[in-house]
Amino acid sequence: TRVAMFISGGGSNMVALLDDMARGSHAGMPCVVLANNATAAGLAKAAGRGVATIVVDHRPFAGDRVAFETAITQALAPFAPDLICLAGFMRVLTGGFINQWTGRMINIHPSLLPKYKGLHTHARALEAGDSMHGCTVHEVTAALDDGPILGQAQVPVLPDDTADTLSRRVLEQEHRLYPAVLRRFVTGDRTPLILTS
Ligand code: GRF
């Protein structure tokens, strides 16, 4: 399975996926890393691991999401991906694009979905006084952060947690969960994986 990864920033989840695929006996192989901006620090990490990178800057397409997604589709074509992993990709994709990838696009979100779809998930969990937080890998559907859940990692909230300390512990679990889910997803296994930290 040829795996494309989409990033917007540091790409720490993308690195975790690449490093796990490099470990061997993995049915997936990385074919390209795409970023929506040239400043994404993850681009150098991908290139340093010998993975092709492409930038499709979203800004020239301001307001025209479909044109941006057409540029993505064209940029991806030479790499012939079978699967897209969104990994810290901060652009909303339209249903028109997502429907071309049904069952072949997954995402990691830093909350225990269906709680806290969208942004600022750690602050919202703290605000709510939750004792348990975490992250979720799910299939991407047109509704934001809403597709079938493929895995979750639970992270206890500590009394002195701030959004920053909590997000750092969640990110660590993202780096465990996403590779574990991808490893089984590419074999066709959709059994939800629950990790407790
Ligand atoms: C992090 O907030 C992570 O929780 C979410 O995307 C952001 C950046 O992740 N999945 P990454 O380091 O670029 O993978």
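- If you look the protein up in an unreviewed UniProt entry, it shows as Phosphoribosylglycinamide formyltransferase from Sulfitobacter guttiformis.
- Turning to the protein, the UniProt record has this under Sequence similarities (unreviewed entry): "Belongs to the GART family."
- In the Pathway (unreviewed entry) part of its UniProt record, the protein is described as follows: "Purine metabolism; IMP biosynthesis via de novo pathway; N(2)-formyl-N(1)-(5-phospho-D-ribosyl)glycinamide from N(1)-(5-phospho-D-ribosyl)glycinamide (10-formyl THF route): step 1/1."

What to know about the pattern of salt bridges
Moving on, step 1. Following the criterion strictly, the structure yields nine salt bridges and no others.
Moving on, step 2. With its nearest N and O atoms 2.9 Å apart, the salt bridge here joins Arg183 to Asp20. Within this pair, whereas Arg183 is found in helix α6 (residues 163–185), its partner Asp20 is found in helix α1 (residues 12–22), the two being separated by 163 residues in sequence.
Moving on, step 3. Put simply, Lys115 and Asp130 hold a salt bridge, and the shortest N to O gap is 3.1 Å. Here Asp130 lies in the loop between α5 (121–127) and β6 (132–139) and Lys115 lies in the loop between β5 (105–109) and α5, a separation of 15 residues in the sequence.
Moving on, step 4. Residues joined in a network through salt bridges with shared partners are Asp20, Arg23 and Arg183.

Section: α6
Moving on, step 1. A rise of 1.5 Å per residue sets the reference length of α6, with its 23 residues, at 33 Å; its end C-alpha atoms lie 30 Å apart and thus fit the reference within 8%.
Moving on, step 2. Among the residues making up α6, those that are buried are Leu166, Ser167, Val170, Gln173, Glu174, Leu177, Tyr178, Pro179, Val181, Leu182 and Phe185.

Some details on the layout of surface pockets
Moving on, step 1. Taken as a whole, the largest pocket holds about 820 Å³ of empty space.
Moving on, step 2. Together, 35 residues line the largest pocket, and Gly88, Phe89, Met90, Ile108 and Pro110 are the ones closest to its centre.
Moving on, step 3. When the residues that make up the lining of the largest pocket are grouped by side-chain class, the tally is 15 nonpolar, 16 polar and four charged.

Some remarks on the packing of aromatic side chains
Moving on, step 1. Taken as a whole, this structure holds two aromatic pairs when the rule is applied.
Moving on, step 2. On the numbers, 6.0 Å between centres and 40° between planes, the contact of Phe61 with Phe68 is tilted.
Moving on, step 3. Directly above the aromatic system of Phe185 lies the positively charged group of Arg190, at a separation of 3.8 Å from the ring centroid.

Cut-offs applied
Numbering of residues starts from 1 in every chain and runs along the sequence as written. Reporting in this predicted model follows two pLDDT cut-offs: at least 70 for local features of residues, and 80 or more for side-chain atom pairs to be given and counted; totals over whole chains, interfaces and linings ignore these cut-offs and use all residues. Think of the side-chain values as coming from all heavy atoms in the structure, minus any hydrogens and water. UniProt positions are given in the numbering used here, feature names are shortened, and annotations may be inferred rather than shown by experiment. We define a salt bridge as a contact between a side-chain nitrogen of Lys or Arg and a carboxyl oxygen of Asp or Glu at a distance within 4 Å. Strands here are runs of E lasting at least two residues and helices are runs of H or I lasting at least four, both read from the DSSP assignment and numbered beginning at the N terminus. Helix span, as expected, comes to 1.5 Å for every residue beyond the first. Note on exposure labels: buried denotes an accessible area under 20% of the residue type's maximum, exposed denotes more than 50%, and partly exposed covers the range between, all computed with a 1.4 Å probe on protein chains only. Think of a 1 Å grid over the protein atoms and nothing else: a 1.4 Å probe that fits but is trapped marks a cavity, an open set flanked by protein within 12 Å on at least five of seven lines marks a pocket, and residues with an atom within 4 Å of a point count as lining. Grid points are joined across faces, edges and corners, and a volume is the space filled by probe spheres set on the points. Residue classes follow a fixed rule: Ala, Val, Leu, Ile, Met, Phe, Trp, Tyr, Cys and Pro count as nonpolar, while Asp, Glu, Lys and Arg count as charged, and any other residue, Gly among them, counts as polar. Any Phe, Tyr or Trp ring, taking Trp's six-membered ring, that has another such ring centre within 6.5 Å forms a pair; planes under 30 degrees apart are called stacked, those over 60 apart edge-to-face, and the others tilted. Counted as over-ring charges are cases with an Arg CZ or a Lys NZ within 6 Å of the ring centre that also lie within 35 degrees of the ring normal.

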